[in-house]
Amino acid sequence: MPKQVESKPVPEADERLYKAPALEKGLDILELIAAQRGPITVAEIVRQLDRSTGELFRMIQVLEFRGFLERAQGTEGYHLTDKLFALSMNQPAVKGLVEVALPCMRQLSQDIGQSCHLVLHSQGQMVVVARMESSEDIGFSVRVGYRRPLISTLSGAVLYAFQNEKTRERWARWFDTDAADYDAEMDAFIKRVNKICKSGYGVLPSNFVAGVTDLSAPICRGEFAAAALTVPFVKSSSMVCTQDEALAHLSQTAATIASQLVVSDART
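Each value, and the rule that gives it
- Residues numbered from 1 in each chain as written.
- Predicted model: local features only at pLDDT ≥ 70, side-chain atom pairs only at ≥ 80, totals over all residues.
- Heavy atoms only, no water.
- Pairing = 2+ DSSP bridges.
- Helix = DSSP H or I, 4+ residues; strand = E, 2+ residues; numbered from the N terminus.
- Axes fitted to C-alpha atoms, helices over the stretch in contact; angles between N-to-C directions.
- Contact = heavy atoms within 4.5 Å.
- Expected span 1.5 Å × (residues − 1).
- Buried < 20%, exposed > 50% of the residue type's maximum accessible area, 1.4 Å probe, protein only.
- Arc of directions from axis to C-beta.

(A) Spotlight on the pairing of strand β6 (residues 202-205). Bridge count between β6 and strand β7 (residues 212-221): 4 bridges; the pairing is antiparallel. Its bridge partner being in β7, P205 is matched across the sheet by T213. Two successive antiparallel strands, β6 and β7, enclose a turn made up of 6 residues, where G211 displays a positive phi of approximately 85°.

(B) Summary view of the sheet that holds strand β4 (residues 125-132). If you trace the 6 strands from one edge of the open sheet to the other, you get β5-β4-β3-β8-β7-β6, paired in antiparallel fashion. Either end of the sheet is taken by a strand with one partner, and the two such strands are β5 (147-149) and β6. Looking at each pair of strands side by side, their axes are set apart by 30° on average, direction ignored. In this sheet, strand β8 (residues 224-234) lies alongside strand β3 (residues 116-122) in antiparallel orientation, the contact comprising 3 bridges. Bridge pairing in β8 links H117 to T230. Its contacts with the sheet place helix α9 (residues 243-259) against β6, β7 and β8, and it is angled at close to 20° to β7.

(C) Looking closely at helix α1 (residues 21-34). For α1, with 14 residues, the first-to-last C-alpha span of 20 Å sits near the 20 Å given by 1.5 Å per residue. Taken residue by residue, α1 has K25, G26, I29, L30, L32 and I33 as its buried positions. Along α1, the residues classed as buried sweep out an arc of 165° about the axis, all on the same side. Facing away from the buried surface of α1 by more than 90 degrees, the exposed residues are P21 and L23.

Put into structure tokens, the structure is as follows:
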């Protein structure tokens, strides 16, 4: 059964200049669906938001018509499209970082014969905002918009490792503490973070794709990571360089991108 989403506190009436009940219902729907691991039906949306079908049905239909939701193939359930992600990518902060990073990422992929991708934090998850394909015939790449929980990925550990305690606490509020394996996963995550803090980069066999080793380095703005640059390293008979050589190129590329992001840079 999908996890019940906790309601976010709403300011008291006298603290709010305006109310927009219809808009808030639409936002509730989007936030609920975004928190699901799979498609969710209208009946389940109604149940979890504790509202009537009449209140929400038309909202869902409008969100579907406007391209924010779509039905999962072969089911009655809904999931988010990439439209919200596409809108966020138009923000100057993200566009600026991607514009700076892409030429460096292209050169990195050519130098090591592997793909790479750029990762940001988003509500307790890592999200891929840019990628560069391998220049070789064989490679592995991750699509733009791909998300996974921060604590289950190397990129997430790299992002978390280079943050201050206040930021770490804020990000941790998004973690799924009700997951059955949360304690064990969090323990492994913290050990990984501590190791990354000492080395300045991360190396970890992928727990998602066999035969791939993830290499990741922070792109820092000042002392803190604005993004992570990650290479899913694939061993093959036609490798351009070794894993250690690829890691050295990756670290240098991340530093080159970071050098173009001054501490006061609004683009990150």
